[in-house]
Amino acid sequence: MAKKSVHGKKSHGNGLQTFRVHKFDAGSKSVMAALKHEQAHFPAIAFMDSVESQDPETIAKAYLAQALASDSARGFAAPVVDQVASEFKSVGSESIPLTGTTAVRFRQTLNKIPVYGSLVTVELDEENQLLGINSAIGSPEGISPLAKISTAEAVRAVAQHRDYKAALENIVPRLNYFYDVAKGKWHLAFILEDVPVVRGTAKGRVPVKVDYVVDAQKGKVIAILPRTPTVAATAVDCLGVSRTFGVEQSGGSKVLRDTLLNVQTFDFKKKDPETQFNLLPGTLIKNPPAFSPSAVSAHANASDVSQFMRTTLMRNNIDGVGGAMVSSINCIQVSESVGGLGKEWINAFWDGTQMVYGLRFKSDGTALSLAADLDVVAHEMTHGVTDRSSRLEYRLQSGALNESYSDIFGVIVNNFRKPDQSTWNWEIGAGLLPNGSPFRDFSNPPARGQPDHMRDFVVTPRDHGGVHTNSGIHNKAAHNVLVSKTASGAFVFTPREAAVIFYLALTQQLRPTSQFVDSRNAVLQSARTFFRALPPAQLAGRITAIGDAYSAVGIT
Ligand SMILES: [Zn+2]
């Protein structure tokens with residue numbers, strides 16, 4: 001195939017040339033049609049068995065290579081710089097649940113050195129057909145790819161720079177082609193990312209972290225780039241564990257707002273979330289003064305649940321569209337307050353919009369937030385997901401299902417980093433009651449006064465028909481699913497598989513008045529969809545395991 005010449009658009013302020021096509025952009029119609037037509041003759045695509053069955057990275061790479069080679073995509077070609085051809089290295093593929101599409105992103109390299117700021121995003125539709133390409137790539141001409149200084153010398157150049165005092169432990173300089181916007185000039189440079197700094201001789205506001213760029217020929221700092229306001233903070237939570245979490249820099253203080261995950265944490269300052277609900281969420285928590293352990297627990301645990309939703313369930317926060325996940329700590333209820341050390345309220349709930357957490361005092365007088373346990377936080381946040389999906393009525397069997405699904409995700413999120421279910425902790429809210437007992441035991445509901453079989457189903461007018469009681473029956477069925485084993489003794493489901501089938505059941509199959517038996521059918525239905533690509537015998541094994549798990553508690 002003949003190489004086409006580069007005749008792209010003029011350089012932008014960042015030294016990169018841009019190119020964009022999209023199937024649903026009228027202006028791209030002829031280019032997209034030509035690319036589609038040429039695919040039949042482009043070897044990397046023409047010889048594929050079927051485009052649909054390829055993994056997204058492979059097919060996206062082929063589409064990219066085709067578009068770069070095609071004369072139809074004018075202005076889009078792999079830059080050849082000083083006789084060296086550009087390469088494109090995948091930096092990850094992500095399926096986007098909101099659109100059903102997959103985005104595969106590539107970084108441009110020359111001589112294996114990344115071109116700073118370059119990015120090519122290739123989008124694929126459900127059938128792995130090309131949906132769009134969005135590209136920004138550079139041509140750093142006349143720059144030797146050989147550094148004249150060492151990484152140690154680059155670190156020293158930063159340490160000697162007077163603007164800020166930099167903390168350089170564990171910072172690794174990485175070679176890049178870097179475009180100096182001020183001078184309109186490319187450099188070979190070492191980039192030191194996310195270096196924590198404090199004030200040196202620089203005037204004005206001091207960023208918390210910066211990226212340093214050091215010319216790799218001359219050894220001089222050529223740019224200092226402040227990072228976004230979301231930074232990491234580290235502090236101790238209610239359980240005495242050091243946690244690192246996202247905060248936002250706001251003037252001279254850090255606030256508990258993670259702008260990437262959209263997680264925010266407020267102090268309700270011992271007000272009552274039921275009678276004073278109009279004052280929720282309260283005051284966004286700031287440092288200084290130092291973050292309290294209660295604040296750290298609520299914020300770090302909510303961030304963990306957000307990460308779990310995003311990576312495992314491919315759900316973008318509680319509302320599915322990335323909306324803020326808000327928590328308020330230090331909530332009390334005047335009428336129910338107990339204890340001699342101050343007002344306490346041993347409760348936590350999802351109020352339809354946000355999480356609210358009470359607190360109690362330990363015998364040494366320190367506050368223990370109800371947000372201390374990750375399982376309790378995941379439980380409350382799952383109520384939010386239920387609200388936005390199946391909307392299971394909070395009474396009788398549907399209410400017990402509502403409670404049980406919150407417990408299911410409480411347990412799964414709390415244990416998710418342990419791949420072996422035999423080592424899981426099945427207690428929910430361990431250590432939060434004054435006597436040290438957990439709220440519930442997922443593996444052994446009777447240990448905490450709950451039934452674990454339909455024959456012991458409790459009929460009561462209290463607690464909306466015993467929603468916190470009868471949930472034990474469905475919890476036991478879910479526990480059976482999580483620990484069910486094959487004849488050879490292996491777990492039938494990985495934690496991720498179990499999480500996904502319960503999540504699909506809750507959000508796609510259940511409805512406001514679903515009963516226990518509907519949940520059995522919902523989980524089975526979800527498993528049939530999720531495992532549909534497996535050989536029939538393996539699918540059947542999973543279906544049998546779920547049926548047995550529910551039958552064992554009398555849900556038939
Ligand atoms: Zn609940």
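Residues numbered from 1 in each chain as written. Predicted model: local features only at pLDDT ≥ 70, side-chain atom pairs only at ≥ 80, totals over all residues. Heavy atoms only, no water.

**Side note on the overall build of the protein chain**
Note the following rule: Starting at the N terminus, helices and strands are each numbered in turn, a helix being any DSSP run of H or I of at least four residues and a strand any DSSP run of E of at least two. Classification of residues uses two cut-offs on accessible area relative to the type maximum, computed with a 1.4 Å probe and protein chains only: under 20% is buried, over 50% is exposed, and between them is partly exposed. With residues, only the protein chains shown are counted as cover, and all accessible areas are computed by Shrake-Rupley using a 1.4 Å probe.
When its secondary structure is counted, the protein chain shows 11 helices and 27 strands. Here the protein chain holds 556 residues, and the buried ones make up 48% of them. When the accessible surface of the protein chain is split by element, carbon and sulfur atoms take 52% of a total near 26000 Å².

**Comments concerning the coordination of the zinc ion**
Quick reminder of the rule: Any nitrogen, oxygen or sulfur atom within 2.8 Å of a metal ion counts as a donor, with the limit raised to 3.2 Å for Na, K and Ca, and since water is left out, coordination shells can look unfinished.
Within the protein, His-379 (NE2), His-383 (NE2) and Glu-403 (OE) serve as the donor atoms for the zinc ion, at 2.1 Å. Of note, the donors binding the zinc ion are all from one chain and are spaced H-x3-H-x19-E. Within this pair, whereas His-379 is found in helix H6 (residues 374-387), its partner Glu-403 is found in helix H7 (residues 396-415), the two being separated by 24 residues in sequence.

**Considering the side chain of Ser-297**
Note the threshold: The criterion used for residue contact is that any of the two residues' heavy atoms lie within 4.5 Å.
Position of Ser-297 among the secondary structure elements: in helix H5 (residues 293-311). With residues up to four places along the chain from it excluded, the contact list for Ser-297 reads Asp-237, Cys-238, Ala-371 and Ala-372.

**Examining the pattern of salt bridges**
As a reminder, the rule being used: Salt bridge, as used here, is a side-chain nitrogen of Lys or Arg placed within 4 Å of a carboxyl oxygen of Asp or Glu.
In this structure the tally under the stated criterion is seven salt bridges. Between Lys-112 and Glu-87 there is a salt bridge, with the nearest N and O atoms lying 3.3 Å from each other. Of the two residues, Lys-112 is situated in the loop between strand S5 (101-110) and strand S6 (113-114) and Glu-87 in strand S4 (residues 87-96); the sequence distance between them amounts to 25 residues. A residue is classified by how much of its surface remains accessible, and Lys-112, at 66% relative accessible area, is exposed. The closest approach of N and O atoms between Asp-407 and Arg-440, which form a salt bridge, is 2.7 Å. Within this pair, whereas Asp-407 is found in helix H7, its partner Arg-440 is found in strand S27 (residues 440-441), the two being separated by 33 residues in sequence. Looking at Asp-407, the relative accessible area reads 0%, which means it is buried. Judged by its relative accessible area of 11%, Arg-440 falls in the buried class.

**Comments concerning the domain arrangement of the protein chain**
Which entries qualify depends on this criterion: The split of the chain into domains comes from an automatic or database domain assignment. Throughout, buried area stands for the accessible area (probe radius 1.4 Å) lost by two parts on being put together, summed over both. Two N or O atoms form a polar contact when they lie within 3.5 Å of each other; inside protein one atom must be a possible hydrogen donor and the other a possible acceptor, and for residues adjacent in sequence the pair counts only when both atoms belong to side chains. Any residue outside Ala, Val, Leu, Ile, Met, Phe, Trp, Tyr, Cys, Pro, Asp, Glu, Lys and Arg is labelled polar, Gly included; the first ten of those are nonpolar and the last four are charged.
Split by domain assignment, the protein chain resolves into domain 1 (16-138), domain 2 (151-227), domain 3 (231-372) and domain 4 (396-551). The interface is formed by eight residues belonging to domain 1 together with eight residues belonging to domain 2. Taking both sides of the interface into account, the surface hidden between domain 1 and domain 2 amounts to around 700 Å²; carbon and sulfur atoms contribute 69%. Among the residues domain 1 hides against domain 2, the three largest losses belong to Ile-113, Pro-114 and Tyr-116. Together they make up 74% of the total. Taken together, domain 1 and domain 2 are joined by zero salt bridges. Along the contact surface separating domain 1 from domain 2 lie three residue pairs in polar contact (both at pLDDT 80 or more). Taken together, the residues that form the side of domain 1 that touches domain 2 break down as six nonpolar, two polar and no charged.

**A word on the packing of H7 against helix H8 (residues 463-483)**
Between two packed helices, both the angle of their axes relative to each other and the distance between the axes serve to describe the pair. Put simply, the rule is: Where helices are involved, their axes are fitted lines through C-alpha atoms of the stretch in contact, as for all axes, and angles between N-to-C directions lie from 0 to 180°. Each angle gets one of four labels, with under 35 degrees taken as roughly parallel, over 145 as roughly antiparallel, 65 to 115 as roughly perpendicular, and the rest as oblique. Should the near helix be turned anticlockwise from the far one by less than a right angle, the crossing is termed left-handed; should it be turned clockwise, right-handed.
The contact between H7 and H8 brings their axes to 7 Å, and the two run at 50°. With respect to each other, H7 and H8 are oriented oblique. Helix-helix and strand crossings are classified by hand; for H7 and H8 the assignment is right-handed. Residue-level inspection shows Leu-396, Gly-399, Ala-400, Leu-401, Glu-403, Ser-404, Tyr-405, Asp-407, Ile-408 and Ile-412 of H7 in contact with H8, the latter providing His-464, Gly-465, Val-467, His-468, Asn-470, Ser-471, His-474, Asn-475, Ala-478 and Leu-482. Considering only residue class, the contact of H7 with H8 consists of nine nonpolar, nine polar and two charged.

**Some points on the pairing of strand S12 (residues 209-215)**
Heads up, the condition is: Pairs of strands are assigned from DSSP output, requiring at least two bridges between the strands.
The element S12 is largely enclosed, with a buried count of six among its seven residues. Pairing between strand S11 (residues 185-199) and S12: six bridges, direction antiparallel. What sits directly across from Phe-190, in S12, is Val-214. Of the strand pairs in this sheet, S12 and strand S13 (residues 221-226) are connected by five bridges, and their pairing is antiparallel. Its bridge partner lying in S13, Tyr-212 is registered against Ile-224. Two successive antiparallel strands, S12 and S13, enclose a turn made up of five residues, where Gly-219 displays a positive phi of approximately 75°.

**What to know about the environment of Gly-358**
Within the secondary structure layout, Gly-358 lies in the loop between strand S23 (355-357) and strand S24 (359-361). We classify Gly-358 as buried; its relative accessible area is 0%. Through-space distance from the C-alpha of Gly-358 to that of Phe-268 is 9.7 Å; in sequence the pair is 90 residues apart. Non-local contacts of Gly-358, meaning those with residues more than four positions away in its chain, are made with Cys-331, Trp-345, Asn-347, Ser-369 and Leu-370.

**What to know about the environment of Val-84**
Along the chain, the position of Val-84 falls in strand S3 (residues 84-85). As a C-alpha pair, Val-84 and Asn-111 span 27 residues in sequence and 7.2 Å in three-dimensional space. Not counting residues within four places of it along the chain, the set of residues in contact with Val-84 comprises Pro-79, Leu-110 and Asn-111.

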